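Reading the structure
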There are 2 protein chains.
Amino acid sequence: MSSVELADLAGVNAANVRKDLSYLHAHGTRGVGYDVDHLITEISLVLGGDEPNPVIIMGVGNLGRALSSYDGFVAGGFPVAGLVDADPTVVGRRIAGKVVRAVDDLEALVTETGSTVGIVATPAHAAQEAANRLVAAGIRSILNFAPAVVVVPGQVDLRQVDLATELQILGYHQHRRSDADPIMSRVAG
Amino acid sequence: MSSVELADLAGVNAANVRKDLSYLHAHGTRGVGYDVDHLITEISLVLGGDEPNPVIIMGVGNLGRALSSYDGFVAGGFPVAGLVDADPTVVGRRIAGKVVRAVDDLEALVTETGSTVGIVATPAHAAQEAANRLVAAGIRSILNFAPAVVVVPGQVDLRQVDLATELQILGYHQHRRSDADPIMSRVAG
DNA sequence: AGATGTGAAGCGGTTCACAGCT
DNA sequence: AGCTGTGAACCGCTTCACATCT
């Protein structure tokens, strides 16, 4: 399969595909293209591939519940290993086949499941505390969905997913399209 | 308030704050700082601020349901105006205070609510069709949560939020940390 | 003194364009 | 002839550093 075909399927530029694959030492054959099986093994090796990374979800509100039954996680090698919530009335409940554990159980949960990744799906005001707990329990990779600035120690990898911001960006572009381009005209003027 | 204070609160660099604000013509006073009220009005003006952008959510699975009761949307000026699903058994049901409408109702729904933004929260295989319907109904800004490549006409603004990819990135960094840095050592070697 | 506003440099990533291999 | 591999240009954004203003 050629880099052009791969690029079309992924919706990106062909040169980009070639450059990225060459970084991975997933080489193709000139005049021919790439061997797909080879790509699969090489890419999954680089991505950590074989061993799954179990994840812990902090907060089982609407978003936490949605995430706990999100198929894409399992498929991507990130099975949901545990659910944790601060609300004692939901602790012990069964959600998506898993019993919700108390925050004080977190450390034990991490150890017994070998979890490596934490997802913060709490309200904004509880996000920092949730992240602190995850870090204290030994988690070093955190995905934060709460719309809050969370600070973590340097060795912890934190990624932010802000749903409202995504919409804000769309709204901004739209505003720009309809309006007579207020910013650039002001900058230009 | 100084650019340093603002930057700390937002978790970004101070020079960046100053540069961005100067683009918006939200100027401060040298030696003093920025007038916060002025910043609020100026920023909300640029962001489209005053008039809300109602959104339509396509697909009321777990994720769609979570999104339909996500407070951040309303707070950010993106009230959920309608829910749509292809499954006739959920059409007519009430979710988060809204009645789920059929796909064929989409165009009417967009008109009657004045919606401008669409969210695709369907399974991957239905994402392209959902996007097509939104475009046909006049929506020009789409936020896609389905893990699928979706193509839209040039005038439509499409943003992709791929939850599994976010985890993949975390997992990759983690893999790199623990491992003896396979890629770079191979590149170097 | 203290903070802004902004050229200039730096950086990661993308795209072009074409030499080089099969 | 076709497709890869990659130097070079490009792009948007971030950060530095400092002249400038109150």
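Since the structure is predicted, the reported quantities are computational estimates derived from the model, not experimental observations.

Some thoughts on the protein's contact with DNA strand D
Lining the immediate environment of DNA strand D, one finds 20 residues, of which Ser3, Arg18 and Tyr34 of chain A together with Asn13 and Arg30 of chain B sit closest. Counting only the atoms of DNA strand D within 4 Å of the protein, the fraction contributed by sugar and phosphate is 60%. One nitrogen or oxygen atom from the side chain of lysine 19 of chain B is found 3.4 Å from a base oxygen belonging to DNA strand D. Breaking the surface near DNA strand D down by element, the ones donating at least two residues are helix H2 (14-23) of chain A together with helix H2 (14-23) of chain B.

Thoughts on the pattern of salt bridges
Any two side chains of opposite charge can pair, on the condition that their charged atoms come close. Applying the stated criterion across every chain, the model contains ten salt bridges over all chains. For the salt bridge of aspartate 104 of chain A with arginine 133 of chain A, the shortest nitrogen-to-oxygen distance reads 3.4 Å. Of this pair, aspartate 104 of chain A sits in the loop between strand E4 (98-102) and helix H6 (106-113) while arginine 133 of chain A sits in helix H7 (residues 124-136), placing them 29 residues apart in sequence. For the salt bridge of glutamate 129 of chain B with arginine 133 of chain B, the shortest nitrogen-to-oxygen distance reads 3.0 Å.

Regarding the packing of aromatic side chains
Residues and elements named next belong to chain A. All told, the structure shown has two aromatic pairs over all chains when counted by the stated rule. Both rings, one in tyrosine 70 and one in phenylalanine 73, keep their centres 4.9 Å apart while their planes meet at 80°; by these two values the pair is edge-to-face. By the burial criterion, tyrosine 70 is buried, and phenylalanine 73 matches it.

Some thoughts on the confidence of the model for chain A
All names here are of chain A. For chain A, the mean per-residue pLDDT works out to 90, and 94% of the residues sit at or above 70. Ranking the elements of chain A by mean pLDDT puts helix H9 (residues 182-188) last, at 43, and strand E1 (residues 55-58) first, at 98. Low pLDDT, under 50, characterises residues 181-189; the predicted model gives this stretch 15 contacts beyond four residues in sequence or across chains.

Quick look at the protein's contact with DNA strand C
Among the 19 residues in the neighbourhood of DNA strand C, the closest are listed as Asn13 of chain A together with Ser3, Arg18, Arg30 and Tyr34 of chain B. Lysine 19 of chain A places a polar side-chain atom, nitrogen or oxygen, 3.3 Å from a base oxygen of DNA strand C. Of all elements in the fold, only H2 of chain A together with H2 of chain B reach the threshold of two or more residues within the surface near DNA strand C. Considering every element that reaches the surface near DNA strand C, the biggest residue donor is H2 of chain A, with four residues. Residue classes in the surface near DNA strand C are distributed as three nonpolar, ten polar and six charged.

Description of the sheet that holds E1 of chain A
Across the sheet, which stays open at both edges, the seven strands sit in the order E3-E4-E2-E1-E5-E6-E7 (chain A) with mixed pairing between neighbours. Every other strand in the sheet has two partners, leaving strand E3 (94-95) and strand E7 (157-160) of chain A as the edge strands with one partner each. Pairing between strand E2 (residues 80-85) of chain A and E4 of chain A: three bridges, direction parallel. Pairing of valine 84 of chain A across the sheet is with arginine 101 of chain A, part of E4 of chain A. Docked against the sheet, helix H8 (residues 163-178) of chain B engages E1, strand E5 (117-120), strand E6 (141-144) and E7 of chain A, running at close to 165° with respect to E6 of chain A.

Observations concerning the sheet that holds strand E4 (residues 98-102) of chain B
All names here are of chain B. Pairing within the open sheet is mixed, and its seven strands lie in the order E3-E4-E2-E1-E5-E6-E7. Edge positions in the sheet fall to strand E3 (94-95) and strand E7 (157-160), since each has one partner strand and no second. In this structure, strand E1 (residues 55-58) lies alongside strand E2 (residues 80-85), joined through four bridges in parallel fashion. Paired with isoleucine 56 across the strands is glycine 82, a residue of E2. Packing of helix H6 (residues 106-113) onto the sheet brings it into contact with E1, E2 and E4, and relative to E2 it is tilted by some 175°.

A look at the environment of glycine 33 of chain A
Residue and element names in this part refer to chain A. Within the fold, glycine 33 resides in the loop between H2 and helix H3 (36-46). Overall, glycine 33 belongs to the buried group, its relative accessible area being 11%. Glycine 33 sits 63 residues away from alanine 96 along the chain, and the two C-alpha atoms are 43 Å apart. With residues up to four places along the chain from it excluded, the contact list for glycine 33 reads Met1, Ser2 and Gly28.

A short note on the interface of chain A and chain B
Chain A puts 55 residues into the contact, and the matching count from chain B is 54 residues. Both faces combined, the contact of chain A with chain B buries some 4900 Å², and carbon together with sulfur accounts for 61% of it. Taken together, the connections running from chain A to chain B amount to two salt bridges. Connecting chain A to chain B are twelve residue pairs in polar contact (both at pLDDT 80 or more).

Focus: a nonpolar patch on the surface
Residues Met1, Leu9, Val36 and Ile40 of chain A make up a contiguous nonpolar surface patch of about 370 Å² in total accessible area. With respect to the helices and strands, the residue methionine 1 of chain A is situated in the segment before helix H1 (3-10).

Examining the relation of the copies chain A and chain B
Each copy of the chain is related to the other by a rotation around an axis and a translation along that axis. For the pair chain A and chain B, the superposition axis carries a translation of 0.0 Å, the fit reaches an RMSD of 0.0 Å, and the rotation angle comes to 180°. Such values leave the two copies arranged in the relation of a two-fold axis. The position closest to the rotation axis in chain A is occupied by the C-alpha of alanine 66 of chain A, lying 3.1 Å away. Of the residues that chain A buries at the interface, 98% are likewise interface residues in chain B, meaning the two copies contact each other through the same surface.

Criteria and thresholds
- Residues numbered from 1 in each chain as written.
- Chains lettered and ligands numbered in written order.
- Predicted model: local features only at pLDDT ≥ 70, side-chain atom pairs only at ≥ 80, totals over all residues.
- Heavy atoms only, no water.
- Near = heavy atom within 4 Å.
- Polar contact = N/O pair within 3.5 Å; in protein donor to acceptor, adjacent residues only side chain to side chain.
- Helix = DSSP H or I, 4+ residues; strand = E, 2+ residues; numbered from the N terminus.
- Salt bridge = Lys/Arg side-chain N within 4 Å of Asp/Glu carboxyl O.
- Phe/Tyr/Trp six-rings, centres within 6.5 Å; stacked < 30°, edge-to-face > 60°.
- Buried < 20%, exposed > 50% of the residue type's maximum accessible area, 1.4 Å probe, protein only.
- pLDDT = per-residue confidence, 0-100.
- Contact = heavy atoms within 4.5 Å.
- Nonpolar A, V, L, I, M, F, W, Y, C, P; charged D, E, K, R; others polar.
- Pairing = 2+ DSSP bridges.
- Axes fitted to C-alpha atoms, helices over the stretch in contact; angles between N-to-C directions.
- Buried area = accessible area lost by both parts, 1.4 Å probe.
- Patch = residues over 30% accessible without salt bridge, like charges linked within 9 Å, V, L, I, M, F, W, Y side chains within 5 Å.
- Areas by Shrake-Rupley, 256 points an atom, 1.4 Å probe, with all protein chains shown as cover.
- Least-squares fit on C-alpha atoms with pLDDT ≥ 70 in both.

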